[in-house]
Amino acid sequence: MSEVKTGLVLEGGAMRGIFSAGVLDYMLKKDIYYDYVIGVSAGAGNAVNYVSRQEGRTKKIITHENAESYYGVGQLFENKKILNLEMLVAEYALKDIPYDFDTFFASKTECESVVVNCETGKAEYKGNFKTKDEFLKCQMASCSVPFICEPVEIDGYHYLDGSIIDSIPLERAVEKGCDKIVVVLTKPEGSKPTDYSKVKKLIEWSYKKYPELCDAMAHRRQAYDRQDKFMKKLVKEGKVFVIRPEEQMIRHFENNNEKLLQCYQYGYDTMRKQFKAFEKFMEDKSSPRQRGSDFPAENKED
């Protein structure tokens, strides 16, 4: 019997990504790793921090004491954009909260981030990074939220937040050959993403240079519903394990650190409570790879 390939799919959700950070930090405590990891928007940030094995890094960034230096009305007046991606991604990675590039580039885990090509209106999956600059550009692009960020230019093309097209990049994980896939979502069952079709005129005015992007944004809800249906199908088939909050604890752009830390702990505790079910799903040869072992982690209590 051939070895089972494991995958991890991480949804975005801006500050709600701190729920996923809690989930992933519990996995890191248990030395749980995967063959393939893909993240979109805030999930892309979670993905790379997970692959570099930097427990707590996402939490530190989101709850940074100088968060207003990269997000808020002050940024709008100073830089003509609400979210300063250069500071959030690049400066923090290189200075304030150093990113472990060595561990990331040495990892055997394949890691991809989802971005949307503004010119084509199609999702693209960026990975196999060769340089730090290429890595950082991609992370900025995947987190470039429509209306509050400018598109990020890479090799002559312009990119925005990948969740516009592929909010739950599960199909990509299947295409990459993953047999057992864990999906971490940031919204409760029944929640829907932003419906850009309700602001179609604003989209067409803001992105008049990118008609394909405008069309894709207007159909985002339909794309999400299709991805959600596909995910539920694979759950029934025993191929997908979903971890998600039962309630929405924070707003999309929450700035209350106490609430953010509570949401982080909620994610950590959610994973801890579901760990036995998770182990059962990943049992036998389908278990995630672990540091120094081919066997599942013990179900020990912290």
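Everything numeric in this text was worked out from a predicted model, so none of it was measured. (Residues numbered from 1 in each chain as written. Predicted model: local features only at pLDDT ≥ 70, side-chain atom pairs only at ≥ 80, totals over all residues. Heavy atoms only, no water.)

Asker: So what exactly am I meant to see when it comes to a nonpolar patch on the surface here?
Answerer: On the surface, a nonpolar cluster with roughly 400 Å² of combined accessible area is contributed by F147, V199, L202 and W205. In this structure, F147 sits in the loop between α7 (132–142) and β5 (152–154). What makes F147 partly exposed here is its relative accessible area of 37%. (Patch = residues over 30% accessible without salt bridge, like charges linked within 9 Å, V, L, I, M, F, W, Y side chains within 5 Å. Areas by Shrake-Rupley, 256 points an atom, 1.4 Å probe, with all protein chains shown as cover. Salt bridge = Lys/Arg side-chain N within 4 Å of Asp/Glu carboxyl O. Helix = DSSP H or I, 4+ residues; strand = E, 2+ residues; numbered from the N terminus. Buried < 20%, exposed > 50% of the residue type's maximum accessible area, 1.4 Å probe, protein only.)

Asker: Can you help me understand the nonpolar core in this one?
Answerer: Among soluble globular proteins, nonpolar side chains are generally buried collectively. Core analysis: the largest hydrophobic core is formed by 49 residues, its most contacted members being L8, M27, Y34, Y50, V182 and F278. Ranked by the residues each element gives to this core, the list is headed by helix α1 (residues 17–29), at eight residues. Within the second largest apolar cluster, 16 residues are counted, among which are V114, V183, Y224 and V240. (Core = buried A, V, L, I, M, F, W, Y, C linked by side-chain atoms within 4.5 Å.)

Asker: Would you mind showing me how to read the packing of aromatic side chains here?
Answerer: Two numbers describe a pair of aromatic rings. These are the distance of the centres and the angle of the planes. If you walk through the whole model with that rule in mind, you get 19 aromatic pairs. Pairing Y26 with Y268 gives two aromatic rings, centres 5.1 Å apart and planes at 85 degrees, and the pair type is edge-to-face. In this pair, Y26 sits in helix α1 while Y268 sits in helix α12 (residues 257–273), placing the two residues 242 residues apart along the sequence. Y26 gets classed as buried once you look at its relative accessible area, which sits at 0%. Overall, the relative accessible area of 12% leaves Y268 in the buried class. Summarising the aromatic geometry, the rings of F101 and F135 are spaced 5.4 Å apart at their centres and angled 75 degrees between planes, so their arrangement reads as edge-to-face. Here the residue F101 occupies a position in helix α6 (residues 101–106), and F135 occupies one in helix α7, the gap between them amounting to 34 residues. The class of F101 is buried, set by a relative accessible area of 5%. For F135, a relative accessible area of 2% corresponds to the buried category. (Phe/Tyr/Trp six-rings, centres within 6.5 Å; stacked < 30°, edge-to-face > 60°.)

Asker: Just checking my understanding: could you explain the environment of G162 for this structure?
Answerer: For G162, the position within the fold is in the loop between β6 (157–161) and α8 (170–175). Every residue in contact with G162, bar those within four places of it in the chain, is listed here: V40, V114, V115, V116 and S142. (Contact = heavy atoms within 4.5 Å.)

Asker: I tried to follow the layout of surface pockets on my own but got confused; where do I start?
Answerer: Over the atoms, a rolled probe matching the size of one water molecule traces out where space is still vacant. Within this model, the largest pocket holds a volume of roughly 380 Å³. In terms of lining, the largest pocket is formed by 25 residues, of which the most central are V145, T194, Y196, R220 and H252. Considered as a void within the structure, the second largest pocket measures approximately 320 Å³ in volume. As for the second largest pocket, its lining consists of 19 residues, of which G121, K122, A123, I165 and R226 are closest to the centre. Where the lining of the second largest pocket is concerned, the elements lending two or more residues are β4 (122–127), α8, α10 (211–218) and α11 (220–236). Looking at the lining of the second largest pocket, the element that brings in the most residues is α11, giving four residues. When grouped by side-chain class, the residues that make up the lining of the second largest pocket number six nonpolar, four polar and nine charged. (1 Å grid on protein atoms, 1.4 Å probe; cavity = no way out; pocket = protein on both sides within 12 Å on 5 of 7 lines; lining within 4 Å. Points joined across faces, edges and corners; volume = space filled by probe spheres on them. Nonpolar A, V, L, I, M, F, W, Y, C, P; charged D, E, K, R; others polar.)

Asker: Sorry, what's going on with unusual backbone geometry here?
Answerer: In most cases, non-glycine residues show a negative phi, while peptide bonds are predominantly trans. Positive phi values are uncommon outside glycine, yet A14 reaches one of about 55 degrees. Inspection of the secondary structure assignment puts A14 in the loop between β1 (6–10) and α1. Look at D155: it is not a glycine, yet its phi comes out positive at around 55 degrees. Checked against the element boundaries, D155 lands in the loop between β5 and β6. Taking relative accessible area as the criterion, D155 reaches 75% and is therefore assigned exposed.

Asker: Can you help me understand the UniProt feature "active site" (unreviewed entry) in the protein in this one?
Answerer: UniProt marks S41 and D161 with the feature "active site" (unreviewed entry), using the numbering shown here. Across 121 residues, the annotated set stays spatially compact, with a maximum C-alpha separation of 5.6 Å. Lining of the largest pocket among the annotated residues: S41 and D161. Among the structural elements, S41 can be located in the loop between β2 (36–40) and α2 (42–51). You can call S41 buried: its relative accessible area is 5%. If we ignore the near neighbours within four places in the chain, the residues touching S41 are G12, S142, C143, D161 and S163. Secondary-structure assignment places D161 in strand β6. Sequence-distant contacts of D161, that is, excluding residues within four places in its chain, are made with V40, S41, V116, A141, S142, S144, V145 and P146. (UniProt positions renumbered as here; feature names shortened; annotations may be inferred.)

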